[in-house]
Amino acid sequence: MKITTGILFFISLKLLAFSQSGPGGVGNSTNNEIWLVVEGNCFTDAGTTLGGNNASIQQWNDLSGNGNHAIETTPAFMPTLETNQANGFSSLMFDGGNDRILSSGVATSNQTTIFVAVKFNALTNNNDGIIQASPAGTAFTSSVNDKSIGMWINTSNGNIWGRGIQSNNTQRNISQTTSLSTGQFYIIAQDFNGSTIQQYVNGATAGNTIYNGTIKSWTEFGIARQGTESLDGELLEIIVYTNSVNAAQRIIIDNYLAAKYNLTLTSNDLYVQDNGVNGDFDFDVAGIGRIDASNTHTDAQGSGILRISNPSGLNNNEFLFWGHNNGVQQATETADVPAGVQGRFDREWRFNEVNTLGVAIDVGSVDMAWDLSGLGSVTASDLRLLIDSDNDGSFADETPISGANSGGGDVYEFTGVTGITNNTRLTLGTADLSQTPLPIELISFEVSPINSTVQLDWATASETNNDFFSIERSKDAQEWNVLKEISGAGNSSKKLDYQAIDENPLTGLSYYRLKQTDYNGKFQYFATRVVEVNQKIESDFQFYPNPADDMLLIYSSKKTYRVQILDVLGHAVLTANNPTVMEMSSVPTGTYFLRAEFTNGTVINRKLVVSR
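Residues numbered from 1 in each chain as written. Predicted model: local features only at pLDDT ≥ 70, side-chain atom pairs only at ≥ 80, totals over all residues. Heavy atoms only, no water.

A.B. asks: Residue-level account of the nonpolar core, with values.
C.D. replies: Counting residues in each nonpolar core, the largest one holds 41 residues, and the members touching the most others are W60, I188, F221 and I223. In contact with F221, not counting residues within four places along its chain, are I34, I101, L102, S103, V106, I114, I131, Q132, A133, I238 and V240. Ranked by size, the runner-up nonpolar core spans 36 residues in total, among them F115, A117, A248 and Y261. (Core = buried A, V, L, I, M, F, W, Y, C linked by side-chain atoms within 4.5 Å. Buried < 20%, exposed > 50% of the residue type's maximum accessible area, 1.4 Å probe, protein only. Contact = heavy atoms within 4.5 Å.)

So this is what it looks like as structure tokens:
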């Protein structure tokens, strides 16, 4: 059976050698030395147990491919995970006292560009640290000469600044020209280009200074503290390059961060498809562009499956950006397709093709390569590009584009594509669902304690030769026992829902995983889920009706708790503290999960259907 869990987030290793797979499609593991994203990458231990809301975080995993995880093993110094802080994404909160986290053994150079997405909750110390890079063995040192690179905020006036220390120990302080406010997230970049240290805030130039092109050696990258002064605030993402990114690349990364976290850039806010009125195409945003002949970026993929390169008519101050709506990455849509196409991705991409004034332009033809790893059998001649050229929200009235070539390793390329214009939508389809079905993922697998039982719900978007599913349970995630076997559908091209009940669950924490077996005996495992059964709290927490309409009633004997309504991707669409009634009229019809979090650490997850 050809399904894989989740949305494809990591780029296949075969592409890393040459594709621009870093943030926004800028760089890869050769120069993107650190890439720390809070959402989905913060653990309460050494990279095994993902943290929940208010959890203390020991390890923040690095996505750059270099393994530069940020780690703090002293409990009193660990930051805290806060869910749903910026556009549904989590943040790491630092208390302004002892909190910190460190990435060690970093490969560095005399040139670098560093991006942070940060919020200041209060201005607590003299100079609250955001980052401090130091020589080996001197992490968080108070010695001025060992603060090779620093970024901090002057709490007396709110000005952002920092410094670089040259190899001869000369301090080069960045001028303080931009004052920041508490309570809002900022994108701050600091660029060392070999002659100038330039700071940017939300895309606009801030303070700067000159340096002699050398920076004192630094392999320790300290986060949220400089010396003894910690950040009183929150971080969403940190990006570190071992080179100075050019002006076009910096604008692309700024737009990637702004779209992802729903932030507004002061300068060069060029990608606007992330706005709600445009449909929230704010996932895996990437771009290509040119400021001048010395500042270009013409090949980008980012964390998504779409790579765009080789624009034929890219001129000065012109950019092409794209992002998707996070729809199901599989050919489940069979109605809104033109003649000759049997199915298309539910996921759609949308584009901005503009100059730095935001005016629509034409960058010429481009090459589009799709990494279809995990999609099973693909015949290149079946693939079709679908472009909503008249931007009417329908693909059925469009002319499909054929001519894909196999680039090897599950990569398929359309060359010389000319149909992309500003604001247009695009998706990928197949002319033969039996030969190129484009299956990709198990849509969901959720485990919920309900009174004295545990309910397991999962859904598939398509199945090929699926004999049966097995539900396995473990107390320690090491020794597993088969609880139940559920027959599969064999072959299916539509969404199917499954459910199983564990009538005698283990008390406390336990682990569940889903195994799928083909008719020929081949099998695969999907993601493990952990659940805590606390029968007293379960029986003392109830909500109704389910399915819900415009009102949801909540009962809990525990008076301090938080309730979140989560979509199938885990993004919070509604949050309330200690509610007895939740107004649901703003929640679209569909399947959700209700998550209740109690101050004693107990978490309850239950399936909720909204139907009108």
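After presenting the structure, the write-up continues.
A.B. asks: Lay out the pattern of salt bridges with the relevant residues and their values.
C.D. replies: Applying the stated criterion across every chain yields a total of 15 salt bridges. One salt bridge in this structure joins K607 and D457, with 3.8 Å as the shortest N-O distance. Pair noted here: K607 is in strand β47 (residues 603–610) and D457 is in strand β34 (residues 453–460), with a separation of 150 residues, a long-range link. Relative accessible area serves as the criterion here: at 25%, K607 is assigned to the partly exposed category. Of the residues examined, D457 reaches a relative accessible area of 5% and is grouped as buried. For E503, the salt bridge identified is with K484, shortest N-O distance 3.6 Å. Of this pair, E503 sits in the loop between β37 (496–502) and β38 (508–518) while K484 sits in strand β36 (residues 481–492), and the two are 19 residues apart along the sequence. By relative accessible area, K484 is classed as partly exposed at 26%. Members of the salt-bridge network, linked through shared partners, are D336, R344, E348 and R425. (Salt bridge = Lys/Arg side-chain N within 4 Å of Asp/Glu carboxyl O. Helix = DSSP H or I, 4+ residues; strand = E, 2+ residues; numbered from the N terminus.)

A.B. asks: Provide a residue-level description of unusual backbone geometry, including the pertinent values.
C.D. replies: Glycine aside, a negative phi is what most residues show, and trans is what most peptide bonds show. With an omega of 0°, the peptide bond running from Y544 to P545 counts as cis. By the element assignment, P545 lies in the loop between β41 (541–544) and β42 (551–556). A positive phi angle, close to 50°, is found at N578, a residue other than glycine. Positionally, N578 belongs in the loop between β44 (572–577) and β45 (581–583). The exposure class assigned to N578 is partly exposed, which follows from its relative accessible area of 38%.

A.B. asks: Can you break down helix α2 (residues 247–261) residue by residue, with the values?
C.D. replies: Counted at 1.5 Å a residue, the expected span for α2 with its 15 residues is 21 Å, and the 22 Å between its end C-alpha atoms agrees. The buried fraction of α2 is high, at 14 of 15 residues. The N-terminus of α2 is capped by N246, whose side-chain oxygen sits 3.0 Å from the backbone nitrogen of A248. Count one or two residues on from α2 and you reach N262, which has phi positive near 60°. (Expected span 1.5 Å × (residues − 1). Polar contact = N/O pair within 3.5 Å; in protein donor to acceptor, adjacent residues only side chain to side chain.)

A.B. asks: Hey, could you go over the sheet that holds strand β31 (residues 411–417) for me, with residue numbers and the actual values?
C.D. replies: Taking strand neighbours across the sheet as the criterion, the 5 strands line up as β23-β24-β28-β31-β30 in an open arrangement whose pairing is antiparallel. Every interior strand has two partners, whereas the edge strands, β23 (299–300) and β30 (405–408), have only one. Two strands pair when backbone bridges link them, and β23 and strand β24 (residues 306–309) are joined in this way by 2 bridges, in the antiparallel orientation. Within the sheet, the bridge partner assigned to D299 lies in β24 and is S309. (Pairing = 2+ DSSP bridges.)

A.B. asks: Explain the environment of S406 residue by residue, including any values.
C.D. replies: Relative to the helices and strands, S406 is located in strand β30. It is 60 Å that separates the C-alpha atoms of S406 and S557, two residues lying 151 residues apart in sequence.

A.B. asks: Can you lay out the packing of aromatic side chains for me, pointing to particular residues and giving the numbers?
C.D. replies: Tallying each qualifying case throughout the model produces 14 aromatic pairs. Taking the ring centre of F140 as reference, the NZ or CZ of R225 above it sits at 5.8 Å. (Phe/Tyr/Trp six-rings, centres within 6.5 Å; stacked < 30°, edge-to-face > 60°. Lys NZ or Arg CZ within 6 Å of the ring centre and 35° of its normal.)

A.B. asks: Give me the lowdown on the pairing of strand β15 (residues 196–201), citing residues and values where you can.
C.D. replies: Within β15, 5 of the 6 residues are buried, which leaves it mostly tucked inside the rest of the structure. Relative to β15, strand β14 (residues 185–192) runs antiparallel, the two being bridged by 5 bridges. Bridging across to β15, A189 finds its partner in Y200. The antiparallel pairing of β14 with β15 creates a hairpin that spans 3 residues between the two strands, and G194 there sits at a positive phi of about 105°. By the bridge criterion, 5 bridges tie β15 to strand β16 (residues 204–210) in an arrangement that is antiparallel. Looking at the pairing, Y200 lines up with T205 of β16.

A.B. asks: Please give an account of the pairing of strand β9 (residues 112–120) that cites residues and values.
C.D. replies: Taking burial as the measure, the 9 residues of β9 include 9 buried ones, the bulk of the element. Taking every second residue as pointing to the same face, both faces of β9 are buried, with T112, I114, V116, V118 and F120 on one and T113, F115, A117 and K119 on the other. Relative to β14, β9 is paired through 8 bridges, and the arrangement is antiparallel. Residue pairing for β14: T112 is matched across the bridge by F192.

A.B. asks: Residues and numbers for the side chain of E220, please.
C.D. replies: Structurally, E220 can be placed in strand β17 (residues 220–223). For the buried E220, no salt bridge exists, and the shortest N-O distance to an oppositely charged side chain is 11 Å, to R100. The residues contacting E220, other than those within four sequence positions of it, are L102, S103, S104, G105, Q132, A133, S134, P135, A136, G137, T138 and A139. (Lys, Arg positive; Asp, Glu negative; His and termini not counted.)

A.B. asks: An account of a nonpolar patch on the surface is requested, with residue identities and associated values reported.
C.D. replies: Residues Y544, M551, L553 and V581 make up a contiguous nonpolar surface patch of roughly 350 Å² in combined accessible area. Structurally, the position occupied by L553 is in strand β42. In this structure L553 comes out as partly exposed when scored by relative accessible area, which is 32%. (Patch = residues over 30% accessible without salt bridge, like charges linked within 9 Å, V, L, I, M, F, W, Y side chains within 5 Å. Areas by Shrake-Rupley, 256 points an atom, 1.4 Å probe, with all protein chains shown as cover.)

A.B. asks: Explain the sheet that holds β41 to me, and be specific about the residues and the numbers.
C.D. replies: Strand order in the open sheet made by the 3 strands is β41-β42-β45, with antiparallel pairing throughout. Two strands in the sheet have a free side with no partner beyond their single neighbour: β41 and β45. The average undirected angle you get between the axes of adjacent strands in this sheet is 20°. In this sheet, β45 lies alongside β42 in antiparallel orientation, the contact comprising 3 bridges. Within β45, the position partnered with L552 by the bridge is M582. (Axes fitted to C-alpha atoms, helices over the stretch in contact; angles between N-to-C directions.)

A.B. asks: Explain the environment of L270 to me, using residue names and the numbers behind them.
C.D. replies: Position of L270 relative to the elements: it lies in the loop between α2 and β21 (283–292). Residue class for L270 comes out buried when judged on its relative accessible area of 5%. Spatially, the C-alpha atoms of L270 and I253 are 11 Å apart, while their sequence positions differ by 17 residues. Here L270 is in contact with I251, N255, F319, F321, N352, V354, N355, T356 and G358, once residues within four sequence places are set aside.

From the geometry alone we can't say anything about function, so treat these as descriptive.
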